[in-house]
Amino acid sequence: MSATDRSVDLTEGPLLRPLLALSLPLVGTQLLQVAYNLVDTFVVGRLGDGAVAALTYSLPFIFLTISLGSGLTVAGTVLVSQHRGAGNDDRVRAVAGQTIAVTAVVSGLLSLVGYLLAPTLLPYIGTTPGTEIHAMAVEYTRIVFAGTAFMFGAFAFQAILRGWGDTKTPMYLMFGSVVANAVLDPFFVLGFDGNVVFSLLGLGGLEATLYALTGFSGMGVAGAAVATVISRGGAALAGFWLLFSGRLGFALSLSDLWPDRETVRKILDVGGPAGLERSADSLAYTGMTVLVAMVGTNAVAAYGVGNRINTLVYLPAVGLAQGVETAVGQNLGADQSGRARRAVLLAAGLGGGVFLLASLGAYAFAAAIVALFFDVSKTAPEVLSMGADYFRIIGPTYVFMGLFHLLNAAFRGAGSTRTALGFSVASQWFFRIPPTLLLITVVGMGAAGVWWGIAVSHVAAAALVGVWFLVGDWDESVVDEDEHGDRSDDEAAATAD
C-alpha cells in the first residue's frame, strides 16, 4: 500500500469507519510517545537513583517544551484539514510549508533559551547547584533542548498529516523512532560496561572484549538525551523527505517554506492559543503536585499511582480528540457544519461508552488496582486506603473527563483555539486548583479533598463545554475567506499571491 492510500476523507459517506480508521493510529502514536520516557527511565535506572533523579528533574521543562510544540502545530492540522475539505490543494501545500517554517523558527529560539537557562531554572525544580545530580540534569536538559528542532519537526509532520487524513504514516515513523531509541539508549548510556543488552543476550564475553578494546563505558545520563535526539531526528528527516517527495498525495517545494506574512499570522493566531492551552495544562499538573505534597508523602504515592491509570484512560481520549479535530476541520472546510457536528456526537458516543466502562471498572476494582502497583506487605495501609479512595471518587468521572476533551477538540478543529484555551484554563485553574486548595486547607479533608477537587473539575468542565457545543457559534471555518476548490488552480494561485 502506498502512503497516498492511507489518507482518510471524512467529508462524504459513512462517518464511523473513517473516524475509527483515523483515530486508532493516533491512540497508538500517543502510546508510543510514552515509550520514550519509559525506555530512558529503565536504562538510566541501571546507573542508580541519582541518575534517575537527574532525569526526573529535567522532565518538567521537557514536557513544557513538548506542550508548546504540539500545541503550536495544531494550526497545521486545522488549516490543512479545512483546506482539504474545501478542495484547496495549493493552499494545503502553502500551509504545510509555512507550518514547518514557523515551527523551525520557534524551535530555534526555544533551543537557545533552554540551553542557556537550564542551569538557572533547574534549581527551582529542586536541584542543588554544585552537586552531581544538578550537573547531570543540566547536561541532559541542554542536549534535549539542542535537539528541539527535531522534536518540533516531528510534531509538524504529524500535525500536517493528521489534517490531510493520514494518521498511519506518522504512527509508523513514531514506531521506528521508538525502536531506534530503545536500541541506541543502552549503548550511549552504558557503553560496554554493565550494558543490559549484553547481559540479556548472554554476551558478557563479547562485552568485555569490546570494553577492553575501546574503554567506552557510556555517556551516562547525557547518552539518553543523545539517543533521543538522534531517534527523533531520524523520524523528522524521514517525514520531511516524504512531504517533499510527493508520496503522501501532495508534494511540498522549497518555495512553500518562504515566509508568507498572512499565512504565518494565521498559523500563530490558531496555533498560539493551542500552545498556551497545553502549556497551561502542564503547569497545572505541577501545581496539583504541589497541593498533593501539602497533604503528605502517602498522598503523593497514591496520587502517582492514580495518574498512571489516568494516563491509560486519557490516551484514548487524546487519540479520538485528534481525530475529531480533523473530522471537524475537513467538514467545515467543505461547508458541512451539520456533518461536523454529527462527527463530534458520534465520537462522543463512542468515547463516552469506552470511558463509562473505565469509570465502572475503576470504581468496582479500586482496591485491586492499587494492589497491582504496591507490595501490600511493605506498603503503609494509609497509602493503600488513599489509593482506593482515589479511584472510588475520581473513577466515576472518567466519562466526563473524556467528553470534555472530545468536545473541546471540536472547537480546536474549527480553529476556535482561543475558546478551547479558555475552557482548558477554566477546567484546571478555576474548577480544580482553587476548590482543591480550599478542601485541603479550610475544610481539612486531606487527600480526599484532592480527589474530590479533581472529580468536581471533570464534571463541571464537561458541563461547560457541553453547553457551548449546543448553543455556541463555534462551527465556522477559519478559511472561508480563502479561495475554494471549485476555482481553477490559476485563480487559486493568483488569490493566494
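What you are looking at is a predicted structure, and each value in this text was computed from that prediction instead of being measured. (Residues numbered from 1 in each chain as written. Predicted model: local features only at pLDDT ≥ 70, side-chain atom pairs only at ≥ 80, totals over all residues. Heavy atoms only, no water.)

Caption draft 1: Structural detail: unusual backbone geometry. Even without glycine at this site, D335 takes up a positive phi of about 60 degrees. With respect to the element layout, D335 can be found in the loop between α12 (297–333) and α13 (337–364). (Helix = DSSP H or I, 4+ residues; strand = E, 2+ residues; numbered from the N terminus.)

Caption draft 2: Quick peek at helix α6 (residues 148–164). Look at α6: 24 Å from first C-alpha to last across 17 residues, which is about the 24 Å you get at 1.5 Å a residue. Where α6 terminates, the next one or two residues include G165, which has phi positive at roughly 105 degrees. (Expected span 1.5 Å × (residues − 1).)

Caption draft 3: Local environment of the packing of helix α11 (residues 261–295) against helix α18 (residues 433–441). One way to put it is that α11 packs onto α18 with a least axis distance of 11 Å and a crossing angle of 5 degrees. In terms of their interaxial angle, α11 and α18 are classed as roughly parallel. Here A284, M288, L291, M294 and V295 of α11 lie close against α18, whose contacting residues are I433, T436, L437, I440 and T441. (Axes fitted to C-alpha atoms, helices over the stretch in contact; angles between N-to-C directions. Parallel < 35°, antiparallel > 145°, perpendicular 65-115°, else oblique. Contact = heavy atoms within 4.5 Å.)

Caption draft 4: Summary view of the side chain of T417. Locating T417 in the fold gives a position in helix α17 (residues 417–430). Look at T417 and you get buried, because its relative accessible area is 1%. Ignoring sequence-local partners within four residues, the contact set of T417 consists of D269, V270, P273, A274, F411 and R412. (Buried < 20%, exposed > 50% of the residue type's maximum accessible area, 1.4 Å probe, protein only.)

Caption draft 5: Representation of the pattern of salt bridges within the structure. Summed over all chains, the structure comprises seven salt bridges. Measuring nitrogen to oxygen at the nearest pair gives 2.0 Å for the salt bridge that ties R93 to D90. Here R93 pairs with D90, and both are found in helix α4 (residues 89–125), just three residues apart, close to one helical turn. Assessed through its relative accessible area of 25%, R93 is described here as partly exposed. Counted as one network, the salt bridges with shared partners bring together E277, E325 and R412. (Salt bridge = Lys/Arg side-chain N within 4 Å of Asp/Glu carboxyl O.)

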